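# Observations on the model geometry
Below, each chain spelled out in residue letters.
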Amino acid sequence: MKLERATILCLAEYLENCELNAQDTLKITDDHPEMDWEDAYAIQDEIRRRKLVRGARIVGYKAGLTSYAKMKQMSVDSPCFGFLVDYFSVVDGGEVKVSELIHPKVEPEIAFVLKKPLKGPGCHIGSVLAATDFVMPAIEVIDSRYRDFKFDLKSVIADNCSSARFVLGGSMTSVEGLDLRTLGVVLEKNGQPVALGAGAAVLNHPAAAVAMLANHLGARGEELPAGTVVLSGGITEAVAVAPGDHVTLRVQNLGSTSIRFVE
Ligand code: OOG
Ligand code: MG
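Residues numbered from 1 in each chain as written. Chains lettered and ligands numbered in written order. Predicted model: local features only at pLDDT ≥ 70, side-chain atom pairs only at ≥ 80, totals over all residues. Heavy atoms only, no water.

### Observations concerning the overall build of the chain
Broken down by element type, the chain carries 6 helices and 13 strands. In summary, the chain has a C-alpha radius of gyration of 17 Å against a globular reference of 18 Å for 263 residues, a match within 12%. Seen through its principal axes, the chain has C-alpha atoms that stretch 50 × 45 × 35 Å. Here the chain holds 263 residues, and the buried ones make up 56% of them. For the chain, long-range pairs separated by at least 24 residues make up 77% of all intrachain contacts whose partners lie at least 6 apart in sequence. Here the chain holds 27 positive side-chain charges and 34 negative ones, and the gap between their average locations is 2 Å. (Helix = DSSP H or I, 4+ residues; strand = E, 2+ residues; numbered from the N terminus. Rg over C-alpha atoms; globule rule 2.2 N^0.38 Å. Buried < 20%, exposed > 50% of the residue type's maximum accessible area, 1.4 Å probe, protein only. Contact = heavy atoms within 4.5 Å. Lys, Arg positive; Asp, Glu negative; His and termini not counted. Charge placed at Lys NZ, Arg CZ, Asp CG, Glu CD.)

Laid out in structure tokens, this is it:
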């Protein structure tokens, strides 16, 4: 760790307030170039602690920047991991208030729901599939707190990987007999397809992203608990949305989920 504890607390409060007040900021490594990976996750942990103290509950975890399309779009070269709390969750077909956010974008993802806890090290695609209760289509709404989505990996980790909202829908499908690599996804905005892809875009298999997340948490003495939702990462580039937009994700064999953006 390179930053003082007091600086970590201060940056966590600052970044969380940017989220709560829908205000953007420059990336935090501009003022703290010495910040290391541990500092970045320590800031994210402190944001999580602040939310839990105020009564929020953890409902899931996410891997981000797990596809080449996303890494290229954001100019980074490896994944990041974050947490999901209850108020990020939107009901299927529900509304997201754009005024509560800065510059939301949507991503097509496959969500895993676990029936058994997963604890790294040593998790792999097989252990993830064995621990998975079912998978579902998920739209993640990301909202980087950094101006114009301009960040580096450490800054985005501290900012809980741009997490803001998510919706799950379609059918809860067992992974048995399902090839997650060739599963096709179509993301539609206002009835038009705006992004297309297949599961293999995420680390060649979406379960590989969940394994990486479990191994990341394991190295820090944490695990993915049973019942948890896990977002495996955007399959395509993220697409910007505005009030009035209606977004639907259709996933082959898994049905669809949708979300509406209002003022
Ligand atoms: C970081 C979050 C990326 C994903 O699925 O790739 C993410 C960002 O692009 O702002 O959630
Ligand atoms: Mg995502």
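From this point on, the discussion continues.
### Topic: the pairing of strand β12 (residues 246-251)
Pairing of strand β8 (residues 184-189) with β12 involves 5 bridges; the strand directions are antiparallel. Its bridge partner being in β12, L187 is matched across the sheet by L249. Looking at chain direction, β12 and strand β13 (residues 255-262) are connected through 6 bridges and run antiparallel. Paired with H246 across the bridge in β13 is R260. Hairpin connection between β12 and β13: a loop of 3 residues separates the two successive antiparallel strands, and N253 in this loop has a positive phi of roughly 70°. (Pairing = 2+ DSSP bridges.)

### Details of the site of ligand 1
As a matter of local geometry, ligand 1 sits amid 16 residues, with L65, K70, E107, S162 and G234 nearest to it. Within the side chain of K62, an N or O atom sits 2.8 Å from an oxygen atom of ligand 1. E107 places a side-chain nitrogen or oxygen 2.8 Å from an oxygen atom of ligand 1. Computed on the free molecule, ligand 1 has an accessible area of 310 Å², of which 100% lies beneath the protein chains in the complex. Judged by the fraction of its atoms near the pocket grid, ligand 1 is located in the largest cavity. Contributions of two or more residues to the shell around ligand 1 are made by β1 (58-64), α3 (68-74), β5 (105-114) and β6 (132-142). Of the residues belonging to the shell around ligand 1, the class tally is 7 nonpolar, 4 polar and 5 charged. (Near = heavy atom within 4 Å. Polar contact = N/O pair within 3.5 Å; in protein donor to acceptor, adjacent residues only side chain to side chain. Areas by Shrake-Rupley, 256 points an atom, 1.4 Å probe, with all protein chains shown as cover. 1 Å grid on protein atoms, 1.4 Å probe; cavity = no way out; pocket = protein on both sides within 12 Å on 5 of 7 lines; lining within 4 Å. Sits in = over half its atoms within 2 Å of the grid points. Nonpolar A, V, L, I, M, F, W, Y, C, P; charged D, E, K, R; others polar.)

### Structural notes on the packing of aromatic side chains
Here the structure, examined in full by the defined rule, presents 2 aromatic pairs. When the centroid spacing of 5.1 Å and the interplanar angle of 80° are considered together, the rings of Y87 and F88 count as edge-to-face. The exposure class of Y87 is partly exposed, given its relative accessible area of 32%. Cation over ring: K105 sits above F149, and NZ or CZ is 4.1 Å from the ring centre. Between the NZ or CZ atom of K154 and the centre of the ring of W37, over which it lies, the distance is 4.9 Å. (Phe/Tyr/Trp six-rings, centres within 6.5 Å; stacked < 30°, edge-to-face > 60°. Lys NZ or Arg CZ within 6 Å of the ring centre and 35° of its normal.)

### With respect to the side chain of K51
Turning to its location among the elements, K51 is positioned in helix α2 (residues 37-53). Among the polar contacts made by the side chain of K51, one reaches the side chain of E19 at a distance of 2.6 Å. For K51, the contacting residues outside a window of four places in its chain are E16, E19, L20, A56, F83, V85, Y87 and F88.

### Focus: the coordination of the magnesium ion (ligand 2)
Coordination sphere of the magnesium ion (ligand 2), protein contribution only: E107 (OE), E109 (OE) and E140 (OE), at 2.0 to 2.1 Å. Written as a sequence motif, the donor residues of the magnesium ion (ligand 2) are E-x1-E-x30-E. Placement of the pair is E109 in strand β5 and E140 in strand β6, with a sequence separation of 31 residues. Like E109, the residue E140 is buried in the burial classification. (Donors = N, O, S within 2.8 Å, 3.2 Å for Na, K, Ca; no water.)

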